[in-house]
Amino acid sequence: MDTKSLKVSVIGEIDACCHELSELSLKIHSNPELGFQEVKAAHWLTQYLEVNGFSIEQGICGLPTAFKASYGKGKPVIAILAEYDALPDLGHACGHNLIAAGAIGAGVATRLAIDQFGGSILVIGTPAEELFGGKVIMIDRGAFNNLDIAMMVHPGTCDTATIHALACQTLEAEFFGKAAHAAARPEAGINALEAMLQSFAAINSLRQHIKSTARIHGIITDGGEAANIVPARSAGNFVVRAEDVAYLDELKQKVLNCFIGAAKMSGARLEYKWGDVCYAPMRNNLTLAQLFAQNMQSLGRSVALYDPDSAFGSTDMGNVSQIIPGIHPLVAIAPVEVAHHSPQFALAAASEAGSRGMLDAAKALAMTVVDLVANPEMVGKVKEEFEQTK
Ligand SMILES: [Zn+2]
Ligand SMILES: [Zn+2]
């Protein structure tokens, strides 16, 4: 079969199981599981892949909800990545249920291409994208060794083949002061909450003088016990993001200085801990992105190669894209005013438009795999670009 007819067959495969995929996505949506607790999702996904001829390795990298499903053998080894974790309180407000269903749909549909041309297709289940950077842990534990290419599609509010995702690290900060009666003996207290508020003020001042693409944001998780007790402890969580790791490191020091200064001013003792995982910026492989965009266009979606309005925070796919060629396109499932991580986005992730987006993403991913396995020189081009942009 030539590439063109193979793509038609691959689309047919996904159309044939579109109801199953949509139902699975809705089932994950209505059973939201937080990072590293995605037991049901991982089970349903691997079950589907197993029934469809994939060999399954469950709980890879010492992470019970991570998995690797493989079909075919030899090179190229192309991975489609699935995410399936939800957010606290908001459920699937990032639409990872759609990523998961689309990934398995794409994986199963590519069997036709693998049967004809050889090579291997992997569907890798990557837990805990939102809170713990699961892929970063999986990289350290070798899950992405010996892969040639990794691809995934994330739901969004526009169709774009590349994203602008920032390097990012979290910070937990705690101040320890001294409790005292806030009216009778205020002079005996050291106010840990004031230290935290001064840190926020200092960060707000700093924000005027940072690069416009960088981001610093935080919340207070402990601000004291009662208004008439000088707060002896305060705590907060923060995220620092920047376009590249070098500027992130510079900014992290400046942010930390805000806390150190506040500790000095208030007399409260500072304890802090940077998150174990540092999300890397996304390195979009344009050769892959172009293939994906063309395939999406053939489905009637007008896909931009780059959309300056496609705001995206950070993703652990950024780390994967630093070690192997990869893409993380967005597929539109909601109007542009609907933000990720909002209740409206959670609704979109269970909508008709959500299902349509998931199925189109699966088809375009599968067609991109066809392009790659049918044209080994294309894999070479993808790798060449990766090496040149290192
Ligand atoms: Zn997400
Ligand atoms: Zn998210």
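Let us look at the structure shown here. Keep in mind the model is a prediction, meaning the values are calculated, not measured.

What counts and what doesn't
Residues numbered from 1 in each chain as written. Chains lettered and ligands numbered in written order. Predicted model: local features only at pLDDT ≥ 70, side-chain atom pairs only at ≥ 80, totals over all residues. Heavy atoms only, no water. Helix = DSSP H or I, 4+ residues; strand = E, 2+ residues; numbered from the N terminus. Rg over C-alpha atoms; globule rule 2.2 N^0.38 Å. Buried < 20%, exposed > 50% of the residue type's maximum accessible area, 1.4 Å probe, protein only. Donors = N, O, S within 2.8 Å, 3.2 Å for Na, K, Ca; no water. Pairing = 2+ DSSP bridges. Tetrahedral: all angles 85-135°; square planar, octahedral: opposite > 155°, others 65-115°. Phe/Tyr/Trp six-rings, centres within 6.5 Å; stacked < 30°, edge-to-face > 60°.

**Notes on the overall build of the protein**
So, step 1. Looking only at helices and strands, the protein features 14 helices and twelve strands.
So, step 2. Its C-alpha atoms give the protein a radius of gyration of 23 Å, near enough to 21 Å, the size a compact globule of 390 residues would have.
So, step 3. Overall, the C-alpha framework of the protein stretches about 85 × 40 × 40 Å when taken along its three principal axes.
So, step 4. Counting across all 390 residues of the protein, residues that qualify as buried make up 56%.

**Examining the coordination of the zinc ion (ligand 1)**
A metal bound by six donors in octahedral fashion has ideal angles of 90 or 180 degrees, whereas one bound by four tetrahedral donors has an ideal angle of 109.5 degrees.
So, step 1. Coordination of the zinc ion (ligand 1) by the protein involves Cys94 (SG), His96 (NE2) and His154 (NE2), with metal-donor separations of 2.1 to 2.3 Å.
So, step 2. Read in sequence order, the donor residues for the zinc ion (ligand 1) give the motif C-x1-H-x57-H.
So, step 3. Separation of the zinc ion (ligand 1) from the zinc ion (ligand 2) amounts to 3.1 Å, with Cys94 serving as a shared donor to the pair. Each member of the pair, Cys94 together with His96, is buried.

**Digging into unusual backbone geometry**
So, step 1. The amide bond that connects Lys75 to the next residue, Pro76, takes the cis arrangement and shows omega of -5°.
So, step 2. Tracing the sequence through the fold places Pro76 in the loop between β2 (67–73) and β3 (77–82).
So, step 3. One non-glycine residue, Cys61, adopts positive backbone phi at about 60°.
So, step 4. Within the fold, Cys61 resides in the loop between β1 (55–58) and β2.
So, step 5. Although it is not a glycine, His341 adopts a positive phi angle of roughly 60°.

**Let's talk about the pairing of strand β4 (residues 119–125)**
So, step 1. For β4, the buried fraction is high: seven of the seven residues fall into the buried class.
So, step 2. Burial along β4 is two-sided: Gly119, Ile121, Val123 and Gly125 and Ser120, Leu122 and Ile124, pointing in opposite directions, are all buried.
So, step 3. Strand direction decides the pairing type here: β3 and β4, joined by six bridges, are parallel. Bridge pairing in β4 places Ile78 opposite Ile121.

**Observations concerning the coordination of the zinc ion (ligand 2)**
So, step 1. The protein atoms that coordinate the zinc ion (ligand 2) are Cys94 (SG), Glu130 (OE), Glu130 (OE) and His341 (NE2), at distances spanning 2.1 to 2.7 Å.
So, step 2. Classification of the site at the zinc ion (ligand 2) rests on its four donor atoms, whose angles at the metal span 53 to 146°, yielding the label irregular.
So, step 3. Of note, the zinc ion (ligand 2) draws all its donor residues from one chain, in the sequence arrangement C-x35-E-x210-H.
So, step 4. The class for His341 is partly exposed, based on a relative accessible area of 38%.

**A short note on the packing of aromatic side chains**
So, step 1. Across all of its chains, the model carries six aromatic pairs by this definition.
So, step 2. Centre to centre, the rings of Phe54 and Tyr71 are 5.5 Å apart; their planes meet at 40°, and the pair counts as tilted. Within this pair, whereas Phe54 is found in the loop between α3 (39–51) and β1, its partner Tyr71 is found in strand β2, the two being separated by 17 residues in sequence.
So, step 3. For Tyr71, a relative accessible area of 18% puts it in the buried group.
So, step 4. Residues Phe175 and Phe259 carry aromatic rings whose centres are separated by 6.3 Å and whose planes lie at 25° to one another, so their mutual orientation is stacked. Taken together, the residues span a long stretch of sequence, with Phe175 in strand β7 (residues 167–176) and Phe259 in helix α9 (residues 245–266) at a distance of 84 residues.

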